[in-house]
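Descriptive analysis of the structure
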Protein chains: 2
Amino acid sequence: MTSDETRLNPRKAPRQGRSRATCAAILEAAARILETEGGHGLTTNHVAALAGVSVGSLYQYFPGKQAILAELIRRMRQEMLADFEQAALEARGRDLAFAIDALTAASLRHHLRRPALAQALEREEPELQLDDEIHALKARMRELIIDVLRDRNVAEPERTGMDVMALARGMSEAAIQAGQRDFDDLQRRLGRAIRGYLGLAVPSLVGEPRQEG
Amino acid sequence: MTSDETRLNPRKAPRQGRSRATCAAILEAAARILETEGGHGLTTNHVAALAGVSVGSLYQYFPGKQAILAELIRRMRQEMLADFEQAALEARGRDLAFAIDALTAASLRHHLRRPALAQALEREEPELQLDDEIHALKARMRELIIDVLRDRNVAEPERTGMDVMALARGMSEAAIQAGQRDFDDLQRRLGRAIRGYLGLAVPSLVGEPRQEG
DNA sequence: TAGAAACGCGAGCAATTGTTCGCATTATTG
DNA sequence: CAATAATGCGAACAATTGCTCGCGTTTCTA
């Protein structure tokens, strides 16, 4: 049987400048297709055509379209993890509220860079048999969040971290899908949701009922 | 050009009992494939084979696989809306906390019935050019939530409703993906998140910091 | 500068998937 | 029980997509 390695990893590394450009063009074309047509438009011929290279060249570096997708996801996850590590670092020694702001800012920067691409990759991710490396990246991300919470005395950091990540992701996706792009507004709402979940004080959205039925 | 109607609607309605059974078998087979293999396994031949009918029969009732998917989504949304309408009805005259419980319970019942199917359909939905009917179902659902909030004096019910739906969806999806199936536990967590977002009192998860680094 | 290695090409074959059509079978109708 | 309509069938054709391979070109290397 063919292992994940064989199916999902680049076939060979480009050694010269032009081949690096070819690889880059292929990945960029795949990204653009995901943005504009979704996963169904992602065919090897289509990618190659949009990249301005031949299919032959494509197959020289990627064993198939899954490998292209895997590479895009890998990079996305790497970038995301780096952003979060940076945020966690900035928040060292600061309180929970500060850490939440730093992390939500990192998350939003990530989602707002190429909104449609981020959405598409997250949608395709579960369809893929995940690479060990991608698994590891996601695990480190989770650990990072959990540590931030644990260091600040949050109860049940594992489950809390999972819930907080999940609700933030849900809100970000929906907002971006709806075309919202106002960073500060989004961050306020994410912050409210997370603080609220944790039981921190949050200004109420509920007014006094005027009258009853 | 072929309209959405042509592409997404059933081709003709079954009139006899056996053809109704055929249609049902096709839809059920498609559902099972989505559950076990995801959207990529959903091919017309595959569906027909698993349903125990011939492709010819399949095409007699559905113009293509998109139509099958659209029908599954339509039914899912109809069911969901019905559940929510029922919950909103039960909550008539009751306070916000009660309404939240009723609605989250409805949502969870929906997600827990066939977890993998619900996930798969929600993932496939955005790839499809949505039917007007499906759009309408989603709009009614949104209106229902907004009305529940507005009736209880929640500020900015449109945006609040959107955020609350989004965070609940994010949490449900993640939890179910992680294999969690404990209804009461999930409802508690969803309730906490929603109440917290709204600024209602929620027990804190944050302990007093013991000491500083 | 010659030989080797890396790279790029795209026609074309292989494999998969989508769809139709004529005919057999079963139900309905009058 | 005809006549007619509804249903079911699946081989076969069409379209799409995946992928290879031989050959020409560019870059590197010694």
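Residues numbered from 1 in each chain as written. Chains lettered and ligands numbered in written order. Predicted model: local features only at pLDDT ≥ 70, side-chain atom pairs only at ≥ 80, totals over all residues. Heavy atoms only, no water.

**Brief notes about the protein's contact with DNA strand C**
Quick note on the threshold: The cutoff for a nearby residue is simple: one of its non-hydrogen atoms must lie within 4 Å of the molecule or strand. In protein, a polar contact requires one atom able to donate a hydrogen and another able to accept it; more generally it is a pair of N or O atoms within 3.5 Å, and residues adjacent in sequence count only if both atoms are side-chain atoms. Counting from the N terminus, the helices are the DSSP runs of H or I reaching at least four residues and the strands are the DSSP runs of E reaching at least two. Polarity classes work like this: nonpolar for Ala, Val, Leu, Ile, Met, Phe, Trp, Tyr, Cys and Pro, charged for Asp, Glu, Lys and Arg, and polar for all others, with Gly in that last group.
Neighbouring DNA strand C are 25 residues, the closest being A:R15, A:Q16, A:S19, A:T22 and A:S57. Across the atoms of DNA strand C situated within 4 Å of the protein, the share located in sugar and phosphate is 67%. The separation between a base nitrogen of DNA strand C and a polar side-chain atom of B:N45 is 3.2 Å. Contributing elements (two or more residues each) for the surface near DNA strand C: α2 (17-37) and α4 (55-61) of chain A together with α3 (44-51) and α4 (55-61) of chain B. Looking at side-chain class alone, the surface near DNA strand C contains seven nonpolar, 12 polar and six charged residues.

**As for helix α10 (residues 183-198) of chain B**
Structural remark: α-helix, 3.6 residues per turn; residues separated by three or four positions point the same way. Operational definition: Expected span of a helix: the number of residues minus one, times 1.5 Å. Note on exposure labels: buried denotes an accessible area under 20% of the residue type's maximum, exposed denotes more than 50%, and partly exposed covers the range between, all computed with a 1.4 Å probe on protein chains only. When checking whether two residues touch, look at their non-hydrogen atoms; a contact exists if any pair is within 4.5 Å.
For α10(B), spanning 16 residues, the distance from its first C-alpha to its last is 22 Å, which sits close to the expected 22 Å at 1.5 Å a residue. Burial runs high along α10(B): 12 of the 16 residues are buried. Within α10(B) the residues assigned to the buried category are B:D185, B:L186, B:Q187, B:R189, B:L190, B:G191, B:R192, B:A193, B:I194, B:G196, B:Y197 and B:L198. Looking at the buried side of α10(B), the elements it contacts are α9 (157-177) and α10 (183-198) of chain A together with α6 (96-113) and α9 (157-177) of chain B. Of the residues flanking the start of α10(B), the one acting as N-cap is B:D182, its side-chain oxygen 3.1 Å from the backbone nitrogen of B:D184. Positioned one or two residues after α10(B), B:G199 has a phi angle of 90°, which is positive.

**Re the interface of chain B and chain A**
Our working rule: What counts as a salt bridge is simple: a side-chain nitrogen of Lys or Arg found within 4 Å of a carboxyl oxygen of Asp or Glu.
Listed by partner, the interface residues are 43 residues for chain B and 43 residues for chain A. At the surface where chain B touches chain A, the tally comes to four salt bridges. Two residues, A:D163 and B:R189, come together in a salt bridge whose shortest N-O distance is 2.7 Å. Linking chain B with chain A are 13 residue pairs in polar contact (both at pLDDT 80 or more). Counting residues per element, the side of chain B that touches chain A draws most heavily on α9(B), which supplies 10 residues.

**Some thoughts on the packing of aromatic side chains**
In plain terms, the rule: Here a pair means two rings of Phe, Tyr or Trp (six-membered ring of Trp) with centres within 6.5 Å. Their orientation is stacked below 30 degrees between planes, edge-to-face above 60, and tilted elsewhere. Consider the ring centre and the ring normal. A charge sits over the ring if Lys NZ or Arg CZ is within 6 Å of that centre and within 35 degrees of that normal.
Scanning the model with the defined rule gives zero aromatic pairs over all chains in all. Just above the ring of B:Y197 sits the side chain of A:R192; from NZ or CZ to the centre is 5.6 Å.

**Concerning the domain arrangement of chain A**
The figure often quoted for interface size is the accessible area lost as the parts come together. Residue and element names in this part refer to chain A. The cut-off we apply is this: The source of the domain bounds is an automatic or database domain assignment. Two parts placed together each lose some accessible area under a 1.4 Å probe, and adding up what both lose gives the buried area.
Looking at the assigned domains, one finds that chain A contains domain 1 (4-65) and domain 2 (72-198). When each unit is reduced to the centre of its C-alpha atoms, the spacing between domain 1 and domain 2 is 28 Å. Listed per partner, the contact involves 14 residues of domain 1 and 13 residues of domain 2. Regarding the contact of domain 1 and domain 2, the summed buried area is about 1100 Å², with carbon and sulfur atoms giving 56% of it. Three residues stand out in domain 1 for area buried against domain 2, namely L8, L34 and E35, and they jointly supply 46% of the buried area on that side. In this structure, the connection of domain 1 to domain 2 is made through two salt bridges. Linking R114 and E28 is a salt bridge whose minimum nitrogen-to-oxygen distance equals 3.1 Å. At the junction of domain 1 and domain 2, the tally comes to three residue pairs in polar contact (both at pLDDT 80 or more). Every element with two or more residues in the side of domain 1 that touches domain 2 is listed here: α1 (4-8) and α2. Here the side of domain 1 that touches domain 2 is composed, by residue class, of six nonpolar, two polar and six charged.

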